[in-house]
There are 2 protein chains.
Amino acid sequence: MSDPTPPSVAWVAADWGTSHLRLWPMGANGVPLCRIDSDKGMSSLTAADYEQTLLTLLEPYMVSNAALDVVCCGMAGSRQGWAEAPYAAAPCTPPSFDTATRVQTQDARLRVYILSGVKQAEPADVMRGEETQIAGVLAAHPDLDGVICLPGTHTKWVSVKGGEITGFATFLSGELFQLVSQHSVLRHTLAPQGWDDGAFKDGCLEGTATPNRLANALFGLRAGALLNDLDPVAARSHASGFLLGMEIEALRREWQGRAVVIVGENEIARAYATALELQGATAEVTDAEKVTLAGLSAAYAQMK
Amino acid sequence: MSDPTPPSVAWVAADWGTSHLRLWPMGANGVPLCRIDSDKGMSSLTAADYEQTLLTLLEPYMVSNAALDVVCCGMAGSRQGWAEAPYAAAPCTPPSFDTATRVQTQDARLRVYILSGVKQAEPADVMRGEETQIAGVLAAHPDLDGVICLPGTHTKWVSVKGGEITGFATFLSGELFQLVSQHSVLRHTLAPQGWDDGAFKDGCLEGTATPNRLANALFGLRAGALLNDLDPVAARSHASGFLLGMEIEALRREWQGRAVVIVGENEIARAYATALELQGATAEVTDAEKVTLAGLSAAYAQMK
């Protein structure tokens with residue numbers, strides 16, 4: 001009996017974010033052999049830890065006589081990450097392989113590249129990782145003239161036209177929602193999970209109409225729980241809706257009458273789709289993993 | 001040599017909030033003999049702890065052959081406090097002594113009364129303690145037709161006319177600011193203290209004009225720090241200004257063309273005064289301790 005032959009890996013795609021690391025060992029046919037999920041994100045690593053993290057996770061795929069190319073996007077390229085990768089300045093095409101930062105490794109079996117982020121001077125804004133997802137969306141829709149929404153704790157709205165990122169805006173509505181639901185006086189008022197579609201939509205409409213009342217509307221949920229036994233799932237959904245209603249309205253000029261692509265299919269992505277529909281806009285929803293891989297693959301193709 | 005004669009105390013005024021307790025042993029002439037500050041607020045006590053807390057702090061003022069009246073306002077009257085005092089329903093005059101809740105004590109030397117809070121059905125809102133400060137303001141301005149602003153973590157805006165509380169609104173802008181500055185991605189971007197008047201006013205005007213961009217404006221401060229070395233004191237002041245600009249604009253119908261009284265003279269009270277001035281409104285600023293004592297004294301006068 002012999003050991004199983006190790007799978008043949010052409011290169012490795014990597015999405016190295018603040019709290020997570022995802023690795024896709026890629027076959028020669030451009031299809032990932034598997035996905036490796038790790039919690040070794042930037043926030044849990046010092047610069048000295050990155051190489052060993054890769055060596056440990058990729059060990060089954062390493063061969064002694066050849067260097068393995070690893071193409072990374074995300075916060076590994078930030079000042080607090082592995083090695084600082086410069087920002088491209090929008091308006092620009094999503095950064096290509098030409099501007100990637102080669103990271104020096106001690107082990108010659110690794111050849112690591114980190115793709116550039118994108119910055120915007122006015123209003124000041126930055127992204128690291130999302131630009132690669134944008135490249136992935138554009139690989140499938142090269143003529144897209146519209147806005148791409150990348151939902152998350154810090155949601156990015158990216159305007160694209162003629163293959164370029166023409167501008168973008170980050171909203172930390174998701175982080176505000178987490179802070180309010182976990183750390184504020186509302187922490188016992190908002191359910192930790194659950195969804196009430198009607199309450200979400202009511203919140204959206206309220207946030208759209210009277211965004212300046214946010215701090216009052218939130219306290220009102222607490223008072224509603226005290227006085228009227230407001231349901232915690234309805235309270236949670238209403239608060240979430242209020243914040244997304246504000247955000248959608250702030251971006252009306254970006255999405256109204258334009259193509260909208262939402263990257264992601266989780267609960268938060270569905271919430272954005274619902275909030276847009278409520279305003280009469282229809283979004284195309286696309287798979288986040290697929291566009292990340294498409295963007296990293298486009299960069300790898302430029303390297304060869 | 002004899003012990004010093006204990007000061008003669010007619011009654012005790014008490015402001016028993018979430019995080020603090022303030023006691024004023026009052027002389028027969030209506031002037032406090034001193035102020036006792038304690039951190040034994042509601043959040044650090046169970047119902048069983050309140051009596052002993054009073055006995056310990058008031059021990060020097062107790063006499064064995066007479067009961068000492070203690071008149072309390074604040075969260076001691078909440079469901080999680082010492083004894084639940086009912087809410088009066090606005091519109092109403094500030095609750096009088098008639099509706100105070102007598103708390104049963106084991107020690108007959110204490111006679112404790114907790115004043116009612118005020119609730120509002122639509123939009124749902126509640127106050128406990130501020131109604132007593134309102135009574136104190138009205139004691140000095142019985143004909144006030146305007147709005148009283150009580151700044152704090154949860155700021156109350158109370159409309160008064162003809163001696164009545166006609167309606168009110170709570171804004172938790174202060175808590176949002178604390179969460180953002182201490183627990184969000186901005187915690188290293190915003191200085192823990194310091195004040196930049198220009199940045200505060202810029203933030204106010206931005207929050208007034210584009211409140212729905214709050215979550216974007218906050219991320220913009222982080223990006224400004226990354227890209228342009230934005231000063232942390234300016235960032236802090238800008239964020240505070242944005243939140244207050246939103247709040248002031250939301251309340252325009254309440255303060256525009258009306259008398260405005262701000263209760264308090266601390267940094268946050270001054271920030272509200274500045275934000276109002278920026279919109280052309282002038283507020284009278286009054287001392288918070290003075291109006292609290294005036295309100296508690298008015299209730300005690302009704303008892304006799």
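Note: the structure precedes this text.
Described in the following lines is the structure provided in the data block. (Residues numbered from 1 in each chain as written. Chains lettered and ligands numbered in written order. Predicted model: local features only at pLDDT ≥ 70, side-chain atom pairs only at ≥ 80, totals over all residues. Heavy atoms only, no water.)

Another point: the nonpolar core. Core analysis: the largest hydrophobic core is formed by 83 residues, its most contacted members being Trp-157 of chain A together with Trp-157 of chain B. Ranked by size, the runner-up nonpolar core spans 26 residues in total, among them Trp-16, Ala-76, Val-103 and Val-112 of chain A. (Core = buried A, V, L, I, M, F, W, Y, C linked by side-chain atoms within 4.5 Å. Buried < 20%, exposed > 50% of the residue type's maximum accessible area, 1.4 Å probe, protein only.)

Residue and element names in this part refer to chain B. Burial analysis of strand β11 (residues 155-161) places 6 of its 7 residues in the buried class, which makes it a mostly covered element. Strand direction decides the pairing type here: strand β10 (residues 146-150) and β11, joined by 5 bridges, are antiparallel. Within the sheet, the bridge partner assigned to Gly-146 lies in β11 and is Val-160. The loop that links β10 with its antiparallel partner β11 comprises 4 residues. (Helix = DSSP H or I, 4+ residues; strand = E, 2+ residues; numbered from the N terminus. Pairing = 2+ DSSP bridges.)

Turning to the packing of helix α2 (residues 130-140) of chain B against helix α9 (residues 288-303) of chain B, a few remarks are in order. Residue and element names in this part refer to chain B. Running from N to C, α2 and α9 cross one another at 90 degrees; their axes reach a closest spacing of 7 Å. As the angle between them shows, α2 and α9 are arranged roughly perpendicular. Touching Thr-132, Gln-133, Ala-135, Gly-136 and Val-137 of α2 are Ala-288, Val-291, Thr-292, Ala-294, Gly-295 and Leu-296, all from α9. Split by residue class, the contact of α2 with α9 holds 6 nonpolar, 5 polar and no charged. (Axes fitted to C-alpha atoms, helices over the stretch in contact; angles between N-to-C directions. Parallel < 35°, antiparallel > 145°, perpendicular 65-115°, else oblique. Contact = heavy atoms within 4.5 Å. Nonpolar A, V, L, I, M, F, W, Y, C, P; charged D, E, K, R; others polar.)

Quick look at the relation of the copies chain B and chain A now. Mapping chain B onto chain A calls for a rotation angle of 180 degrees and an axial translation of 0.0 Å; the resulting RMSD is 0.0 Å. Considering both components of the superposition, the chain copies are consistent with a two-fold axis. Closest to the rotation axis within chain B is the C-alpha of Pro-211 of chain B, separated from it by 2.9 Å. Here 100% of the contact residues of chain B are again contact residues in chain A; the copies associate through an equivalent surface. (Least-squares fit on C-alpha atoms with pLDDT ≥ 70 in both.)

Before going further, it helps to examine α9 of chain B. Residue and element names in this part refer to chain B. With 16 residues, α9 ought to run about 22 Å at 1.5 Å a step, and its terminal C-alpha atoms sit 23 Å apart, in line with that. Every buried residue of α9 is accounted for by Val-291, Thr-292, Leu-293, Gly-295, Leu-296, Ala-299 and Tyr-300. Its buried side turned inward, α9 meets β1 (11-16), β2 (21-26), β4 (68-73), α2, β13 (259-263) and β14 (283-286). N-cap assignment for α9: the residue whose side-chain oxygen lies 3.3 Å from the backbone N of Glu-289 is Asp-287. (Expected span 1.5 Å × (residues − 1). Polar contact = N/O pair within 3.5 Å; in protein donor to acceptor, adjacent residues only side chain to side chain.)

A few words now on the interface of chain B and chain A. Contacts between the two partners involve 39 residues from chain B and, on the opposite side, 39 residues from chain A. Between chain B and chain A, a total of about 3500 Å² is buried, with carbon and sulfur atoms accounting for 70% of that surface. Summed over the three residues of chain B that lose the most area to chain A, namely Asn-212, Phe-219 and Leu-227 of chain B, the buried surface amounts to 18% of that side. Linking chain B to chain A there are 0 salt bridges. Summed over the shared surface of chain B and chain A, the number is 10 residue pairs in polar contact (both at pLDDT 80 or more). Elements represented by at least two residues in the side of chain B that touches chain A include exactly β8 (117-120), β9 (125-127), β12 (164-171), α3 (173-183), α5 (214-228) and α6 (232-250) of chain B. Tallying contributions element by element places α5 of chain B first for the side of chain B that touches chain A, with 11 residues. Taken together, the residues of the side of chain B that touches chain A break down into 20 nonpolar, 11 polar and 8 charged. (Buried area = accessible area lost by both parts, 1.4 Å probe. Salt bridge = Lys/Arg side-chain N within 4 Å of Asp/Glu carboxyl O.)

Taken as a whole and assessed by the stated rule, the structure comprises 24 salt bridges over all chains. Among the ionic pairs, Asp-69 of chain A bridges to Arg-111 of chain A, the shortest N-O distance being 2.8 Å. One end of the pair, Asp-69 of chain A, is in strand β4 (residues 68-73); the other, Arg-111 of chain A, is in strand β7 (residues 110-114), and 42 residues separate them in sequence. Linking Arg-79 of chain B and Glu-84 of chain B is a salt bridge whose minimum nitrogen-to-oxygen distance equals 3.6 Å. The class of Arg-79 of chain B is exposed, set by a relative accessible area of 52%. Salt bridges here are not isolated pairs; linked through shared partners, they connect Asp-15, Arg-22, Arg-35, Asp-37 and Glu-289 of chain A.

Moving on, we get to unusual backbone geometry. Cis geometry is found at the peptide bond from Ala-90 of chain B to Pro-91 of chain B, where omega equals 0 degrees. In this structure, Pro-91 of chain B sits in the loop between β5 (87-89) and β6 (101-103). Backbone torsion omega between Glu-122 of chain B and Pro-123 of chain B reads -5 degrees, so that peptide bond is classified as cis. Mapped onto the elements, Pro-123 of chain B comes out in the loop between β8 and β9. Phi is positive for Asp-229 of chain A, close to 50 degrees, though the residue is something other than glycine. Here Asp-229 of chain A lies in the loop between α5 (214-228) and α6 (232-250). Exposure remark for Asp-229 of chain A: the relative accessible area of 66% places this residue in the exposed category.

Glancing now at the packing of α5 of chain A against α6 of chain A. Residue and element names in this part refer to chain A. Viewed as axis vectors pointing N to C, α5 and α6 meet at an angle of 170 degrees, and their least axial separation amounts to 10 Å. With respect to α6, the element α5 is oriented roughly antiparallel. Of α6, the residues touching α5 (which contributes Leu-214, Ala-217, Leu-218 and Leu-221) are Ala-235, His-238, Ala-239, Phe-242, Leu-243 and Met-246. Within the contact of α5 with α6, the residues separate by chemical class into 9 nonpolar, 1 polar and no charged.

Judged by pairing direction, the sheet is mixed, and its 3 strands sit side by side in the order β5-β8-β9 (chain B) without closing on themselves. Both edges of this open sheet fall to β5 and β9 of chain B, since each of them pairs with a single strand only. For this sheet the average axis-to-axis angle between neighbouring strands, irrespective of direction, equals 25 degrees. Bridge analysis of β5 of chain B against β8 of chain B gives 3 bridges, and the strand direction is parallel. Note that in β8 of chain B the partner of Tyr-87 of chain B across the bridge is Gly-117 of chain B. The sheet strands contacting α5 of chain A are β5, β8 and β9 of chain B, and the helix crosses β9 of chain B at an angle near 80 degrees.

The next thing to look at is the side chain of Glu-175 of chain A. Considering the arrangement of structural elements, one finds Glu-175 of chain A in helix α3 (residues 173-183). No salt bridge is formed by the buried Glu-175 of chain A; the nearest opposite charge belongs to Arg-187 of chain B, separated by 5.5 Å. Ignoring any residue separated from it by four or fewer positions in sequence, one finds Glu-175 of chain A in contact with Thr-153 and His-154 of chain A together with His-183, Ser-184 and Val-185 of chain B. (Lys, Arg positive; Asp, Glu negative; His and termini not counted.)

This part covers the environment of Arg-258 of chain A. Residue and element names in this part refer to chain A. Relative to the assigned elements, Arg-258 resides in the loop between α7 (252-255) and β13 (259-263). Spatially, the C-alpha atom of Arg-258 lies 8.7 Å from that of Ala-281, the residues being 23 residues apart in sequence. Dropping the residues within four chain positions of it, Arg-258 is found in contact with Asp-145, Gly-146, Ser-159, Val-160 and Arg-253. At 3.3 Å, the side chain of Arg-258 and the side chain of Ser-159 are in polar contact. Side-chain polar atoms of Arg-258 contact the backbone oxygen of Glu-254, separated by 3.2 Å.

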